[in-house]
Amino acid sequence: MTGASNLYPTADLRARDAAHHFHPFTDTGALNREGVRVITSAEGVWLTDSDGNRYLDGMAGLWCCQVGHGRGEIVDAVEKQMRELDYYNTFFKTSHPPVIALSERLAQLSPPQFNRVFFTSSGSEANDTVFRMVRTYWDLMGKPEKKTIIGRWNGYHGSTLAGTSLGGMTGMHAQGDLPVPGVHHIPQPYWFGEGGEMSPDEFGLWAARELERAIDVLGEGKVAAFIAEPIQGAGGVIIPPDSYWPEVARICRERDILLVADEVICGFGRLGSWFGSQHYGIEPDLMPIAKGLSSGYLPIGGVMIADRVAEAFIDKGGEFYHGYTYSGHPACCAAALANLDIMVRERLVERVADDIGPYLQQRWKALGDHPLVGEARMVGLVGALELVPAKGDRSRKFAPVGEVGTLCRDISFGNGLVMRAVRDSMIISPPLVLTHEEADELVARAARTLDETYAALKKDGRLAA
């Protein structure tokens with residue numbers, strides 16, 4: 001797999017990284033003992049490390065690089081903007097052309113109830129903004145008791161204080177005495193792992209109605225919003241049954257609860273529509289966005305604000321005491337605009353719906369026949385493989401949870417494919433520019449990875465011979 005001699009002094013880079021770089025979501029001691037993988041360049045859907053090894057980027061960076069790596073149009077747009085106006089803030093009655101243009105573009109691309117956007121630098125910041133905006137909205141509406149926000153167990157909404165609290169990752173909650181008061185969690189619509197004897201549609205209705213049961217327990221007059229990802233990404237690509245989202249939308253509408261669709265992963269073409277809420281036919285009141293907005297070329301996020309929420313702030317709110325130094329950064333807006341230009345010109349959203357999405361889905365789902373795979377699922381260009389010790393028995397899991405997933409992930413890297421492990425599921429979310437030939441290569445490398453993982457598990461006795 002090595003296509004060149006050592007391009008960079010890897011050992012030296014690893015030592016310097018270990019001495020000074022504290023990584024996110026990492027056991028730093030364990031990483032420093034093993035040594036980091038140093039990525040030095042990227043082009044299209046391919047990454048190259050400091051030893052010349054090439055990897056197919058099956059995760060689009062971190063769910064975000066929709067248009068692929070190395071797009072010169074984005075680089076040129078950022079350079080041009082920085083030479084003209086490198087930075088200015090959007091506080092103090094001030095704006096600038098790129099933030100105005102991007103605001104207008106997002107209003108055009110998003111569902112019709114959205115005509116305004118509040119800019120952030122990340123999805124985590126977007127969800128902190130949602131937290132404050134939801135509570136302030138109900139204050140403005142004369143219902144200050146409506147403070148509780150309901151999320152889902154195993155949902156992910158970032159790692160800031162409010163984002164971690166809104167999410168349902170118990171490991172994250174254990175660090176920092178979280179969640180903060182006023183956040184409640186209900187079960188996730190994870191049929192494969194938690195559906196028991198119910199059919200998918202039966203389970204979808206049950207999971208949706210857990211929201212209604214929670215509202216009844218907490219009191220409708222105290223519940224402000226329900227927040228959820230259209231498809232849970234970091235939770236393991238949890239694709240809800242078809243019965244789930246229509247019932248959730250009905251409950252929020254009938255019970256006077258704001259619906260927040262976290263589009264940080266599902267937005268900007270990932271599911272074959274501009275936003276995941278469009279794929280599921282729901283009309284949220286707030287949409288946190290990030291990642292695919294700029295394809296990760298520069299950090300930018302935001303919150304799309306439905307007219308009924310925006311008008312309350314405009315007509316009744318006065319000053320909203322919230323904002324960030326880099327809200328609507330000129331260069332980040334320029335990167336986002338260039339990225340969206342590419343997506344529209346190359347019809348990438350339509351391509352996911354009608355071309356590469358169906359093509360990869362068919363091949364990915366065929367991996368479900370492998371003896372190690374309990375379920376292969378995919379919508380648009382986001383998918384998962386559930387690794388199981390006994391095919392056909394959804395109740396049996398590997399123990400300890402996550403060990404087999406980590407083994408499979410490491411083998412996948414060895415085969416030149418970036419897949420992410422969540423528990424014992426293998427996750428992909430490739431760039432939207434993936435070609436048919438690259439899709440075939442992705443599946444071939446995934447199949448080889450499954451074979452080698454299966455063989456390793458048999459050898460060490462974790463599977464019956």
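Summary of the structure given here.

## Side note on the pattern of salt bridges
1) Next: A complete count under the given rule lists 25 salt bridges for this structure.
2) Next: R71 is the salt-bridge partner of E73, the closest N and O atoms lying 3.5 Å from each other.
3) Next: For E254, the salt bridge goes to R250, with nearest N and O atoms at 2.7 Å. Separated by four residues within a single helix, E254 and R250 lie in helix 11 (residues 244–254), roughly one turn from each other.

## Concerning the sheet that holds strand 13 (residues 420–422)
1) Next: What the four strands build is an open sheet, ordered 11-12-14-13; its pairing is antiparallel. The sheet is open, and its two borders are formed by strand 11 (373–379) and strand 13, each paired with just one other strand. The average angle at which neighbouring strand axes cross in this sheet is 20°, direction not considered.
2) Next: Bridge analysis of strand 11 against strand 12 (residues 382–387) gives six bridges, and the strand direction is antiparallel. Along strand 12, the bridge assignment pairs A376 with L385.

## As for the sheet that holds strand 3 (residues 54–56)
1) Next: If you trace the three strands from one edge of the open sheet to the other, you get 1-2-3, paired in antiparallel fashion. Strands at the two margins of the open sheet, each flanked by one partner only, are strand 1 (39–43) and strand 3. Geometrically, the sheet is characterised by an average inter-axis angle of 25° between neighbouring strands, direction not taken into account.
2) Next: The sheet contact formed by strand 1 and strand 2 (residues 46–49) spans four bridges and is antiparallel. In the sheet register, S41 faces strand 2, and the bridge partner there is T48.
3) Next: Against the sheet, helix 18 (residues 436–459) engages strand 2 and strand 3, with an angle of about 100° to strand 3.

## Digging into the packing of aromatic side chains
1) Next: In the structure shown here, the tally under the stated rule is eleven aromatic pairs.
2) Next: Ring centres 6.3 Å apart and planes at 65° place the aromatic pair F25 and Y156 in the edge-to-face group. One end of the pair, F25, is in the loop between helix 1 (10–20) and helix 2 (28–34); the other, Y156, is in the loop between strand 5 (148–152) and helix 7 (161–166), with 131 residues separating them in the sequence.
3) Next: In this structure F25 comes out as exposed when scored by relative accessible area, which is 63%.
4) Next: Of the residues examined, Y156 reaches a relative accessible area of 22% and is grouped as partly exposed.
5) Next: An angle of 55° between the planes, with centres 5.7 Å apart, marks the rings of F91 and F92 as tilted.
6) Next: The class of F91 is partly exposed, set by a relative accessible area of 33%.
7) Next: Owing to a relative accessible area of 66%, F92 belongs among the exposed residues under this scheme.
8) Next: Put simply, the rings of F118, F313 and F320 touch in pairs and so form one group of aromatic residues.
9) Next: Across from the ring centre of W138, 4.7 Å away, lies the NZ or CZ of K146, which sits over that ring.
10) Next: Stacked on the ring of W191, the Lys or Arg R394 has its end atom at 3.9 Å from the ring centre.

Criteria and thresholds
Residues numbered from 1 in each chain as written. Predicted model: local features only at pLDDT ≥ 70, side-chain atom pairs only at ≥ 80, totals over all residues. Heavy atoms only, no water. Salt bridge = Lys/Arg side-chain N within 4 Å of Asp/Glu carboxyl O. Helix = DSSP H or I, 4+ residues; strand = E, 2+ residues; numbered from the N terminus. Pairing = 2+ DSSP bridges. Axes fitted to C-alpha atoms, helices over the stretch in contact; angles between N-to-C directions. Contact = heavy atoms within 4.5 Å. Phe/Tyr/Trp six-rings, centres within 6.5 Å; stacked < 30°, edge-to-face > 60°. Buried < 20%, exposed > 50% of the residue type's maximum accessible area, 1.4 Å probe, protein only. Lys NZ or Arg CZ within 6 Å of the ring centre and 35° of its normal.

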